[in-house]
Amino acid sequence: MALLKVKFNQKKRVKLAQGLWLMNWFSVFAGILVFSMGLFLKIELRKRSEVMDNSESHFVPNSLILMGILSCAFNGFAGKICYDSLDPAKFAKWKPLLKPYLALCCVFNMLLFFVALICFLMRGSLESTLAQGLKNGMKFYRDTDTPGRCFMKKTIDMLQIEFKCCGNNGYKDWFEIQWISNRYLDFSSKEVKDRIKSNVDGRYLVDGVPFSCCNPSSPRPCIQYQVTNNSAHYSYDYQTEELNLWRRGCREALLNYYSGMMSSMGAVILLVWLFEMSVMVGLRLLHTSLESIANPEDPECESEGWVLENSLKDTFKSALENLKKLGKFNQVEAGAEGAEGEEGGKTPAITTVS
């Protein structure tokens, strides 16, 4: 029994073709939207590529850009088919291409659904990328005189100001690295010498943070140096007092920003996928209703359209049988080639008569 079997007359076929033509052009605009989202996400990721450890995060925007281009191409072609289906003479040239085209549409829709899922599942990969990238970026914060790294201080400062964050996981991350350049240290000072000698790596570590960690909304002037020294500041206890530094780490801030953006894009792509599926089903109904016309010379006669010629279960069984036959055919061919090779390898016996 055919799946979604529908009876059509000429009027219904014309309405279906016209409706599909309109839906395909809406899908073209949806493809432009998907392409634009991918381009926007790629630009946003490129802005902060210095604090990302690898390029895996660009898989999502690249996929969106590709899906957008394919959507425009597929739906533009389908719109032309629907327009020509109103004229039997013009539609005749498209008949041999419709089945392969519908198969490609199925593959395209599966890829589109896969990209939508990836948008929701990229959070874990993005988190590890940001964690390592921010850690490396903070190490290079002091290298303002090193070619290739001199921009890192500005990048980190702008990032912390824009996203209202501090450090990788929090402000205490700055206590574990030397973020002050050696050119600004007085090595004749006893305090500087003692701090450098106090750790194995010979780094100048302080319980302070860059100015970009300061919260301008705080009523108290920013305490960015000697953060853990209560006696250095009047009426201050860093363990109990609400510090005037950003408490949230930049990894969490960026992760929430990008994952929220990707989740919104994933929801939009799922809606586009549902729309594309309805267009594909409509195109299949139009294709089968036109092919099942009993008398092509009488376009006003009734016909039947369906999505699958048999039930879903029977279609699945026949597909499995075809795959098995294909596998057996390949085995037979391989066996025949092997037999030919063995026969070719045999040398005829030569008898000598003395």
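Residues numbered from 1 in each chain as written. Predicted model: local features only at pLDDT ≥ 70, side-chain atom pairs only at ≥ 80, totals over all residues. Heavy atoms only, no water.

(A) The arrangement of the confidence of the model for the chain in detail. This prediction gives the chain a mean pLDDT of 81; 80% of its residues lie at or above 70. Scored below 50 in pLDDT, residues 349–354 makes zero contacts in the model with residues more than four places away or belonging to other chains. (pLDDT = per-residue confidence, 0-100. Contact = heavy atoms within 4.5 Å.)

(B) Here's a closer look at the environment of arginine 195. Note on placement: arginine 195 falls in helix H7 (residues 190–197). Once the C-alpha coordinates of arginine 195 and leucine 205 are considered, the two residues, ten residues apart in sequence, prove to be 6.7 Å apart. Here arginine 195 is in contact with Arg203, Tyr204, Leu205 and Val206, once residues within four sequence places are set aside. (Helix = DSSP H or I, 4+ residues; strand = E, 2+ residues; numbered from the N terminus.)

(C) Representation of helix H5 (residues 123–139) in the model. Between its terminal C-alpha atoms H5 stretches 24 Å, which fits the 24 Å expected from 17 residues at 1.5 Å a residue. Along H5, the positions that sit buried rather than exposed are Leu126, Thr129, Leu130, Gly133, Leu134, Gly137 and Met138. All buried residues of H5 lie within an arc of 150° about the axis, which places them on one face of the element. In the core, the buried residues of H5 are packed alongside helix H6 (152–163) and helix H8 (250–291). (Expected span 1.5 Å × (residues − 1). Buried < 20%, exposed > 50% of the residue type's maximum accessible area, 1.4 Å probe, protein only. Arc of directions from axis to C-beta.)

(D) Representation of the state of the cysteines. What the rule picks out here adds up to three disulfides. Note that cysteine 166 is cross-linked by a disulfide to cysteine 213, the S-S spacing being 2.1 Å. Looking along the S-S bond of the cysteine 166-cysteine 213 disulfide, the torsion reads about 85°, which is the right-handed sense. One end of the pair, cysteine 166, is in the loop between H6 and H7; the other, cysteine 213, is in the loop between H7 and H8, with 47 residues separating them in the sequence. (Disulfide = S-S within 2.5 Å.)

(E) Main features of the UniProt feature "transmembrane region" (unreviewed entry) in the chain. Feature annotation in UniProt places "transmembrane region" (unreviewed entry) on residues 20–41, 101–122 and 255–275, given in this structure's numbering. The span residues 20–41 shows a helical share of 100% and a strand share of 0%, and its end C-alpha atoms are spaced 31 Å apart. As a span, residues 255–275 carries 100% helix and 0% strand, and end to end its C-alpha atoms are 30 Å apart. (UniProt positions renumbered as here; feature names shortened; annotations may be inferred.)

(F) Examining the packing of aromatic side chains more closely. Considering all chains together, one arrives at eleven aromatic pairs under this definition. Judged by centre distance (5.4 Å) and plane angle (25°), the rings of phenylalanine 74 and phenylalanine 108 are stacked. Linking phenylalanine 74 in helix H2 (residues 59–84) with phenylalanine 108 in helix H4 (residues 95–121), this pair joins segments that are 34 residues apart in sequence. Both residues of the pair, phenylalanine 74 and phenylalanine 108, count as buried. Here a set of aromatic residues connected by ring pairs shows up, and it is made of Phe74, Phe77, Tyr101 and Phe108. (Phe/Tyr/Trp six-rings, centres within 6.5 Å; stacked < 30°, edge-to-face > 60°.)

(G) Layout of the environment of asparagine 168. Residue placement: asparagine 168 occurs in the loop between H6 and H7. Its relative accessible area of 8% is what places asparagine 168 among the buried residues. Excluding anything up to four places from it in sequence, asparagine 168 contacts Ala131, Leu134, Lys135, Met138, Asp173, Gly249, Cys250 and Arg251. Separated by 3.0 Å, the side chain of asparagine 168 and the backbone oxygen of alanine 131 make a polar contact. (Polar contact = N/O pair within 3.5 Å; in protein donor to acceptor, adjacent residues only side chain to side chain.)

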